[in-house]
2 protein chains.
Amino acid sequence: MAEALTGEAILAATEEVLRRYGPAKATVVDVAKALGVSHGSVYRHFATKAALREAVTRRWLDAVHVEMAPKFDQGLTAAETLRAWLQALFDKKRHGHSEDPELFATFQVLVKESNVIPDYHLEHMVGHVARIISAGVETHEFVTDDVQKTAQAVWDATEKFHHPAHAQEWGNPHIQDAFDAVVSLVVDGLRYNRIPSAAGDA
Amino acid sequence: MAEALTGEAILAATEEVLRRYGPAKATVVDVAKALGVSHGSVYRHFATKAALREAVTRRWLDAVHVEMAPKFDQGLTAAETLRAWLQALFDKKRHGHSEDPELFATFQVLVKESNVIPDYHLEHMVGHVARIISAGVETHEFVTDDVQKTAQAVWDATEKFHHPAHAQEWGNPHIQDAFDAVVSLVVDGLRYNRIPSAAGDA
């Protein structure tokens, strides 16, 4: 089987091993066993255990980044696109946390143990927000003098709804109301000429 | 000394004992010893150890609530008042965390172990934000159809700068820039008729 061994097959097996044994116990030998190869064969593709773990984390996050690419073909305003994007992120995080807590915890450990992965992920996610803000600036729906800085501010202002340190709060029955209120405030902060909300809006 | 024993003296001694031994080890006997009284004398004022700890936490938070009462006599706009208030809160949190980490950690434990204290604190702090927003609505600087809900949204959107789960990020060299950007976004979201920031603003 060793002659057909690809990096992709190793990464898929590593993800499975991590899921089964958890990040503290999973070893390269476990991965080699799962593939029916020697651990030397695995090391020919990934020089160290750390490199293998970082590659599997990057592969998982890349899938998230593709899935989370903003959709501009839905006939939505930039404000609606931003709200839908933040909602999709929040849903993904809280469902991941409640439905597959082991995998959620595993990837949290993997992301944190790397020096480069957190920034890699942040760059992609804030980049998605920046693309939505740019689209809104183009249509004069939004205004900002620095798209990148504003995208980072939107990310930071919504941290309660995507940062894992807040996962315990996501089961709160009023969390969706809290999300809606923060997103409304943030979107109003982006608008070119804010339309005052009428009392009848409530 | 027992005849002069007041609730206030017990609370001051308890705070000192908590500071010295930490929340895990501090006992009512330690408090009684520090005061030169029997532990029965302490229990006549506070029926349980939990009640004593809750009272000392409430006393500490009450001082914070008074200190953090918004100042409306500084000739500032509501936006400036809100920014100054959030800055004072952030400074208080990050300096408390870096300069007196034991006391910071102690009160974190005390706040969390109570069923009522977290809401008590939140209500006061969000109440302060609501008073600033109300003042801005009165002068037509801000607009909102629900001051209380919007105050909670401002609190939630700035969580990165006051929630203890983010304390590790407060030493980041760019954290003040991140704070400024989030507060600008939030304040813009509150404005009655947002003035688009000119490109020359940057």
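How each quantity is defined
Residues numbered from 1 in each chain as written. Chains lettered and ligands numbered in written order. Predicted model: local features only at pLDDT ≥ 70, side-chain atom pairs only at ≥ 80, totals over all residues. Heavy atoms only, no water. Helix = DSSP H or I, 4+ residues; strand = E, 2+ residues; numbered from the N terminus. Buried < 20%, exposed > 50% of the residue type's maximum accessible area, 1.4 Å probe, protein only. Contact = heavy atoms within 4.5 Å. Areas by Shrake-Rupley, 256 points an atom, 1.4 Å probe, with all protein chains shown as cover. Polar contact = N/O pair within 3.5 Å; in protein donor to acceptor, adjacent residues only side chain to side chain. Expected span 1.5 Å × (residues − 1). Phe/Tyr/Trp six-rings, centres within 6.5 Å; stacked < 30°, edge-to-face > 60°. Lys NZ or Arg CZ within 6 Å of the ring centre and 35° of its normal. Domains from an automatic or database assignment. Buried area = accessible area lost by both parts, 1.4 Å probe. Salt bridge = Lys/Arg side-chain N within 4 Å of Asp/Glu carboxyl O. UniProt positions renumbered as here; feature names shortened; annotations may be inferred. pLDDT = per-residue confidence, 0-100.

Student: So what's going on with the overall build of chain A? Which residues, and what values?
Tutor: Each helix and strand counted, chain A has nine helices and zero strands in total. In chain A, the succession of helices and strands from N to C terminus is α-α-α-α-α-α-α-α-α. Dimensions of chain A along its principal axes, counting C-alpha atoms only, are 70 × 35 × 30 Å. Scored against the burial criterion, the 202 residues of chain A give a buried share of 46%. If you take every contact in chain A between residues at least 6 apart in sequence, the share linking residues at least 24 apart comes to 68%. For chain A, the exposed area adds up to about 10200 Å²; of that, 55% sits on carbon and sulfur atoms.

Student: Please set out the side chain of Glu15 of chain B residue by residue, giving values where relevant.
Tutor: Residues and elements named next belong to chain B. Along the chain, Glu15 falls in helix α1 (residues 7-21). At 3.0 Å, the side chain of Glu15 forms a polar contact with the side chain of Arg59. Sequence-distant contacts of Glu15, that is, excluding residues within four places in its chain, are made with Val56, Arg59, Trp60 and Phe107.

Student: Residue-level account of helix α9 (residues 175-190) of chain A, with values.
Tutor: The terminal C-alpha atoms of α9 of chain A, which comprises 16 residues, lie 23 Å apart, in line with the 22 Å expected from a rise of 1.5 Å per residue. Counting buried positions along α9 of chain A yields 12 of 16 residues, so the element is predominantly enclosed. The inward-facing, buried residues of α9 of chain A abut α5 (78-99), α7 (117-138) and α8 (147-157) of chain A together with α8 (147-157) and α9 (175-190) of chain B.

Student: Go over the packing of aromatic side chains, please, and point to the residues and values.
Tutor: For the coordinates displayed, the defined rule picks out 11 aromatic pairs over all chains. Note on Phe90 of chain B and Trp170 of chain B: the rings are 6.3 Å apart at their centroids and 80° apart in plane angle, and the pair reads as edge-to-face. One end of the pair, Phe90 of chain B, is in helix α5 (residues 78-99); the other, Trp170 of chain B, is in the loop between α8 and α9, with 80 residues separating them in the sequence. On the accessibility criterion, Phe90 of chain B (0% relative accessible area) is buried. A residue is classified by how much of its surface remains accessible, and Trp170 of chain B, at 6% relative accessible area, is buried. The rings of Phe90, Phe104, Phe161, Trp170 and Phe179 of chain B are connected pair by pair, giving a single aromatic cluster. Over the ring of Tyr120 of chain A we find Arg58 of chain A; its NZ or CZ atom is 4.3 Å from the centre of that ring.

Student: Outline the domain arrangement of chain A, supporting the account with residue identities and numerical values.
Tutor: Interface size, as often reported, equals the accessible area lost upon joining of the parts. All names here are of chain A. If you check the domain split of chain A, you get domain 1 (2-53) and domain 2 (68-201). Once you take the C-alpha centre of each, domain 1 and domain 2 turn out to be 34 Å apart. Interface area, domain 1 with domain 2, both sides summed: about 570 Å², of which 63% is carbon and sulfur. Looking only at domain 1, the three residues that lose the most surface to domain 2 are Arg19, Pro23 and Arg53, adding up to 71% of its buried area. Counting the contacts that link domain 1 with domain 2 gives two salt bridges. The tally of links from domain 1 across to domain 2 stands at two residue pairs in polar contact (both at pLDDT 80 or more).

Student: Residues and numbers for the UniProt feature "domain: HTH tetR-type" (unreviewed entry) in chain A, please.
Tutor: When the UniProt feature table is mapped onto this chain numbering, "domain: HTH tetR-type" (unreviewed entry) sits at residues 4-64 of chain A. The straight-line gap between the two end C-alpha atoms of residues 4-64 of chain A is 27 Å; of that span, 75% is helix and 0% is strand.

Student: How would you sum up the pattern of salt bridges? Please name residues and give values.
Tutor: What the rule picks out here adds up to 22 salt bridges over all chains. Two residues, Glu67 of chain A and Lys92 of chain A, come together in a salt bridge whose shortest N-O distance is 3.1 Å. Within this pair, whereas Glu67 of chain A is found in helix α4 (residues 49-67), its partner Lys92 of chain A is found in helix α5, the two being separated by 25 residues in sequence. Through salt bridges with shared partners, a single ionic network connects Asp156 and Glu159 of chain A together with Lys160 and Glu169 of chain B.

Student: Go over the confidence of the model for chain A, please, and point to the residues and values.
Tutor: Residues and elements named next belong to chain A. The predicted model of chain A has a mean per-residue pLDDT of 91, with 94% of residues at 70 or higher. Of all the helices and strands in chain A, helix α6 (residues 101-113) carries the lowest mean pLDDT, 88, while α8 carries the highest, 98. Low pLDDT (under 50) marks residues 197-202, which in the prediction has six contacts with non-local residues, meaning those over four places away or in another chain.

Student: If you had to explain the UniProt feature "DNA-binding region" (unreviewed entry) in chain A to someone new, which residues and values would you point to?
Tutor: Within this structure's numbering, the places UniProt gives as "DNA-binding region" (unreviewed entry) are residues 27-46 of chain A. Between the C-alpha atoms that bound residues 27-46 of chain A the distance is 13 Å, and the span itself is 75% helix and 0% strand.

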